[in-house]
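Fold and geometry: a report
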Amino acid sequence: MSILSIDPPGFELPLRLFLGFRVLIDELHAELARQGHPHARPMHGFVMQAIGTEGTTAVELGRALGVSKQAAGKTIETLERLGYVERARDPRDTRRKIVRLTPSGVDVLVRSARIFDDLRARWAAVIGDERLRELEADLRKVTPPDIFRLDVPGWFGA
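Please read these numbers as outputs of a predicted model, since none were measured by experiment. (Residues numbered from 1 in each chain as written. Predicted model: local features only at pLDDT ≥ 70, side-chain atom pairs only at ≥ 80, totals over all residues. Heavy atoms only, no water.)

Counting secondary structure elements, the protein contains 7 helices and 2 strands. The order of helices and strands in the protein, counted from the N terminus, is α-α-α-α-β-β-α-α-α. Expressed as a percentage of the 158 residues in the protein, the buried residues total 27%. Of all intrachain contacts in the protein linking residues separated by at least 6 positions in sequence, the fraction that spans at least 24 positions is 54%. In the form shown here, the protein has an accessible surface area of approximately 10900 Å², with 59% of it arising from carbon and sulfur atoms. (Helix = DSSP H or I, 4+ residues; strand = E, 2+ residues; numbered from the N terminus. Buried < 20%, exposed > 50% of the residue type's maximum accessible area, 1.4 Å probe, protein only. Contact = heavy atoms within 4.5 Å. Areas by Shrake-Rupley, 256 points an atom, 1.4 Å probe, with all protein chains shown as cover.)

The structure is reproduced here in structure tokens:
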């Protein structure tokens, strides 16, 4: 009997999926650092995606991320210090302050998208294009359709 015919323990699946995620994220951030963004962190990507192209308020950002307004505010302060976001009055309602991406914040997201494409190509080179497409298709079958769930930071903290 081959060792390959024995199913691995159930806990290995989430650990392998998480390790795959971790490998991709670590490689992304190493490349972002090489490309001029050494202070970008995994949490920053979730936050900048949640801010989006239109901007948002700290309350809305906290809600999208599944964290408190205070936690969102601390992250906004960090991103502001790094030059990735700026606060401004909402042109539609001057009583509200919105958080917007700066050109540097947009640059991080644009570079991240390109780097993820490169990382995907590297995985395809290792396991083959067809196998990678099959893996992605299989994951789509067992996961919700909304791939942009940005509440991961709050979920991890829960």
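More follows now that the structure is in view.
Tracing the backbone through its elements, the reader meets Thr 57 in the loop between α2 (42-51) and α3 (58-65). A distance of 3.1 Å separates a polar atom in the side chain of Thr 57 from the backbone nitrogen of Glu 60. Beyond its immediate chain neighbours, meaning those up to four positions away, Thr 57 contacts Arg 96, Lys 97 and Ile 98. (Polar contact = N/O pair within 3.5 Å; in protein donor to acceptor, adjacent residues only side chain to side chain.)

Packing of helix α5 (residues 103-127) against helix α6 (residues 129-142) leaves a shortest axis separation of 7 Å and a crossing angle of 115°. Of α6, the residues touching α5 (which contributes Arg 120, Trp 123, Ala 124 and Ile 127) are Asp 129, Arg 131, Leu 132, Arg 133 and Glu 136. Here the residues of the contact of α5 with α6 are counted per class, giving 4 nonpolar, no polar and 5 charged. (Axes fitted to C-alpha atoms, helices over the stretch in contact; angles between N-to-C directions. Nonpolar A, V, L, I, M, F, W, Y, C, P; charged D, E, K, R; others polar.)

What follows is about the pattern of salt bridges. Scanning the entire structure with this criterion turns up 14 salt bridges. The shortest N-O distance in the salt bridge between Arg 87 and Glu 80 comes to 3.0 Å. Across the pair Asp 93 and Arg 95 runs a salt bridge whose closest N-O atoms are separated by 3.0 Å. (Salt bridge = Lys/Arg side-chain N within 4 Å of Asp/Glu carboxyl O.)

Let's shift gears to the confidence of the model for the protein. Averaged over all residues, the pLDDT of the protein is 90; the fraction at 70 or higher stands at 90%. By mean pLDDT, the top-scoring element of the protein is α5 (97), and the lowest-scoring one is helix α7 (residues 152-157) (61). (pLDDT = per-residue confidence, 0-100.)

Moving on to the packing of aromatic side chains. A complete count under the given rule lists 1 aromatic pair for this structure. On the numbers, 6.3 Å between centres and 35° between planes, the contact of Phe 18 with Phe 21 is tilted. Here Phe 21 and Phe 18 lie together in helix α1 (residues 12-34), a separation of 3 residues that amounts to about one turn. Classification of Phe 21 as partly exposed rests on a relative accessible area of 40%. (Phe/Tyr/Trp six-rings, centres within 6.5 Å; stacked < 30°, edge-to-face > 60°.)

Taken together, the side chains of Leu 13, Leu 17, Leu 139 and Val 142 make up a nonpolar region of the molecular surface, amounting to roughly 380 Å² of accessible area. With respect to the element layout, Leu 139 can be found in helix α6. Of the residues examined, Leu 139 reaches a relative accessible area of 31% and is grouped as partly exposed. (Patch = residues over 30% accessible without salt bridge, like charges linked within 9 Å, V, L, I, M, F, W, Y side chains within 5 Å.)

Here Asp 107 lies in helix α5. Sequence spacing of Asp 107 and Tyr 84 is 23 residues, and the spatial spacing of their C-alpha atoms is 8.9 Å.

It is worth spelling out the pairing of strand β2 (residues 93-101) at this point. With 6 bridges joining them, strand β1 (residues 85-90) and β2 adopt antiparallel strand pairing. Of the residues in β2, the one forming a bridge with Glu 86 is Arg 100. If you look at the hairpin formed by β1 and β2, you'll find 2 residues sitting between the two strands. (Pairing = 2+ DSSP bridges.)

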